[in-house]
Amino acid sequence: NPTSTSTVFVPLFGLNLALAPTSVKSSDAYFMLGGGAELAVPLPDENTLVFAGIDARHRVNFKEDPFDYNRFDGRIGLQHAVGRNLYRATFSYGRFYLDHHYNYENTAYTLEWRHALDTRNVVTLLGQHSRLRFPDPALVGNSANQTIGRIGWGHAFNPQGTTFVFASIHFGREWDT
């Protein structure tokens, strides 16, 4: 966590060391705008559909311009429903720009299975592999691959499904590239 002082005392050396401005705590107000859209098109068998979506976020800080960012994400996938089961396969891609400079990109492949136990309870299994890549040579060491899994359960308190609770357990592995 950043400190609010511009120096820090190091007892081992008996010195006050100056901190870089980016390591000193500062506050700011910001404006953020975001939105997205998704389109789903049923295939002729009516149990399968193709979907695609995009999301965008833009944040502008009033004083701390280096923390302004833009994020763009897109996804495309296939969904198939049969009986109480729903299967989804998704490919997604996103880019993040910090201070108007391309900072990183994320590519992910996701497989999901949802099973309705009854009209109010659904269990979910999800697996995802993603690749996070930083193109800047100074940040390339932050690039990583990640594989995660999720087991979840959802319960609707009313028949309309407007009031519900959801719990999940995530597990995974991440390794640098």
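What you see is a predicted model; the values in this text were computed from it and never measured. (Residues numbered from 1 in each chain as written. Predicted model: local features only at pLDDT ≥ 70, side-chain atom pairs only at ≥ 80, totals over all residues. Heavy atoms only, no water.)

Trainee: Explanation requested: the sheet that holds strand 6 (residues 85-98) in the structure shown.
Mentor: Sheet strands associate in pairs through backbone hydrogen bonding, adopting either a parallel or an antiparallel arrangement. One open sheet accounts for 8 strands, arranged 3-4-5-6-7-8-9-10; its pairing is antiparallel. Strand pairing shows two members of the sheet lacking a second neighbour, strand 3 (30-42) and strand 10 (164-176), which therefore form its edges. Neighbour to neighbour, the strand axes of the sheet diverge by 15 degrees on average, direction disregarded. Bridge count between strand 8 (residues 121-133) and strand 9 (residues 144-156): 12 bridges; the pairing is antiparallel. (Pairing = 2+ DSSP bridges. Helix = DSSP H or I, 4+ residues; strand = E, 2+ residues; numbered from the N terminus. Axes fitted to C-alpha atoms, helices over the stretch in contact; angles between N-to-C directions.)

Trainee: What am I meant to see in the pattern of salt bridges here?
Mentor: Side chains that differ in sign of charge can pair as their charged atoms come close. Throughout the structure, instances matching the rule amount to 7 salt bridges. R75 is the salt-bridge partner of E38, the closest N and O atoms lying 2.9 Å from each other. On the criterion of sequence distance, the pair formed by E38 in strand 3 and R75 in strand 5 (residues 69-82) is long-range, its members being 37 residues apart. Its relative accessible area of 45% is what places E38 among the partly exposed residues. With relative accessibility at 23%, the residue R75 sits in the partly exposed group. In this structure, the salt-bridge partner of E105 is R95, at a minimum N-O distance of 3.8 Å. Highlighted residues: E105 in strand 7 (residues 101-116) and R95 in strand 6, separated in sequence by 10 residues. Among the ionic contacts, a cluster of salt bridges with common partners joins E38, D55 and R75. (Salt bridge = Lys/Arg side-chain N within 4 Å of Asp/Glu carboxyl O. Buried < 20%, exposed > 50% of the residue type's maximum accessible area, 1.4 Å probe, protein only.)

Trainee: Just checking my understanding: could you explain the packing of aromatic side chains for this structure?
Mentor: Aromatic rings in a pair are described by how distant their centres are and how their planes are angled relative to each other. Following the criterion strictly, the structure yields 6 aromatic pairs and no others. Ring geometry for Y97 against Y102: centres 5.8 Å apart, planes inclined by 45 degrees, an arrangement best described as tilted. What makes Y102 partly exposed here is its relative accessible area of 27%. Relative to F134, the ring of Y104 has its centre 5.4 Å away and its plane inclined at 45 degrees; by these criteria the two rings are tilted. Of this pair, Y104 sits in strand 7 while F134 is found in the loop between strand 8 and strand 9, placing the two residues 30 residues apart along the sequence. Each member of the pair, Y104 together with F134, is buried. Put simply, the rings of Y69, F96, Y104 and F134 touch in pairs and so form one group of aromatic residues. The ring of F51 carries R88 above its face, with NZ or CZ at 3.9 Å from the centroid. If you follow R95 out to its NZ or CZ, it ends over the ring of Y102, 3.9 Å from the centre. (Phe/Tyr/Trp six-rings, centres within 6.5 Å; stacked < 30°, edge-to-face > 60°. Lys NZ or Arg CZ within 6 Å of the ring centre and 35° of its normal.)

Trainee: Looking at this model, I keep getting lost on a nonpolar patch on the surface. Mind explaining?
Mentor: A cluster of nonpolar residues, L43, V50, I76, L78, F91, Y93 and Y109, forms a patch on the protein surface that exposes about 580 Å² of accessible area. Where the nonpolar patch is concerned, the elements lending two or more residues are strand 5 and strand 6. Inspection of the secondary structure assignment puts Y109 in strand 7. (Patch = residues over 30% accessible without salt bridge, like charges linked within 9 Å, V, L, I, M, F, W, Y side chains within 5 Å. Areas by Shrake-Rupley, 256 points an atom, 1.4 Å probe, with all protein chains shown as cover.)

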